[in-house]
Amino acid sequence: MNAASLHLRAATLTDLDAVNRIIEAAVMTWPLSDRVKRLSLPTYKYNELDLKHLNLMVIENREKNILGIAAWQPADIRYTPKNTSALLLHGIYVDPKYHRKGIGSLLFMAAEKAAKDHYLDGLLVKAKVGSELFYQALGMQKLDVENENREFVNRYWKAV
């Protein structure tokens, strides 16, 4: 996929149906039971209120088809290493037809740029099972949460 043929932009209210279809298609590829996927899917979908509180970005092709999305917001310093400032990447979701074509990496780079543009120390991800290798390939390091009272132990960090 040619990056020059792709366009990154903020999601709008009219994008939500397409965004949520991509999330559903992506979630259905996860290595979980169908029941778990079905029960958890509503918690991953975005609504109008989310557009007010999150940076929800879409990447589309020349035909204006949305191929992937990423969502982020400032992270709570309780979850960052040594109380540093960070952008919390809620997730990257790519239409399964476009997996392994660089879409997810482009969305990740957009999140990195947003963190840098806001003079934050890094990027934080609470990674889902199965996404760890993706984030590691992008230079993220798993945070050691041994002996910590954390609500999500699969956290990854990348300083920017």
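As shown above, the structure is provided for reference.
Residues numbered from 1 in each chain as written. Predicted model: local features only at pLDDT ≥ 70, side-chain atom pairs only at ≥ 80, totals over all residues. Heavy atoms only, no water.

A few words now on the side chain of K158. Assignment of secondary structure puts K158 in strand 7 (residues 155-159). Within the structure, the side chain of K158 is placed 2.8 Å from the backbone oxygen of L138, a separation counted as a polar contact. With residues up to four places along the chain from it excluded, the contact list for K158 reads F108, E112, D121, G122, L123, L138, G139 and M140. (Helix = DSSP H or I, 4+ residues; strand = E, 2+ residues; numbered from the N terminus. Polar contact = N/O pair within 3.5 Å; in protein donor to acceptor, adjacent residues only side chain to side chain. Contact = heavy atoms within 4.5 Å.)

What follows concerns the nonpolar core. Note on soluble globular proteins: their nonpolar side chains tend to be buried together. Ranked by internal contacts, the top residues of the largest apolar core, which has 24 residues, are W72, L89, I92, F108 and Y135. When residues in this core are grouped by element, the largest group, 7 residues, is from helix 4 (residues 103-117). Aside from chain neighbours lying at most four places away, what touches L89 is A70, A71, W72, F108, A111, L123, L124, V125, K126 and Y135. If you look at the next biggest cluster of nonpolar residues, it comprises 18 residues, including L41, Y46, L54 and V58. (Core = buried A, V, L, I, M, F, W, Y, C linked by side-chain atoms within 4.5 Å. Buried < 20%, exposed > 50% of the residue type's maximum accessible area, 1.4 Å probe, protein only.)

For the coordinates displayed, the defined rule picks out 4 aromatic pairs. Seen in terms of ring centroids, Y44 and Y93 are 6.5 Å apart; in terms of plane orientation they differ by 65 degrees. Their pairing is edge-to-face. On the criterion of sequence distance, the pair formed by Y44 in helix 2 (residues 34-44) and Y93 in strand 4 (residues 86-94) is long-range, its members being 49 residues apart. Just as Y44 is buried, Y93 falls in that class too. Where F108 meets Y135, the ring centres are 6.4 Å apart and the plane angle is 55 degrees; that geometry is what we call tilted. Here F108, found in helix 4, pairs with Y135, found in helix 5 (residues 132-137); they are 27 residues apart in sequence, far enough to count as distant. Take F108 and Y135: they sit in the same class, and that class is buried. One aromatic cluster is present, built from ring pairs that chain together W30, Y44 and Y93. Above the ring of Y79, the side-chain terminus of K126 is found at 4.5 Å from the ring centroid. (Phe/Tyr/Trp six-rings, centres within 6.5 Å; stacked < 30°, edge-to-face > 60°. Lys NZ or Arg CZ within 6 Å of the ring centre and 35° of its normal.)

So, about helix 1 (residues 16-27). Between its first and last C-alpha atoms helix 1 spans 16 Å; for 12 residues at 1.5 Å apiece the expected length is 16 Å, and the two agree. Every buried residue of helix 1 is listed here: L16, V19, N20, I22, I23, A26 and V27. Burial along helix 1 is one-sided: seen end-on, the buried residues are contained in an arc of 155 degrees. Opposite the packed face of helix 1, turned more than 90 degrees from it, sit the exposed residues D17 and R21. Residues of helix 1 that are buried in the fold lie against helix 2, helix 3 (48-53), strand 2 (55-60), strand 3 (66-74) and strand 4. (Expected span 1.5 Å × (residues − 1). Arc of directions from axis to C-beta.)

Without other data, these values stay purely geometric and don't point to any function.
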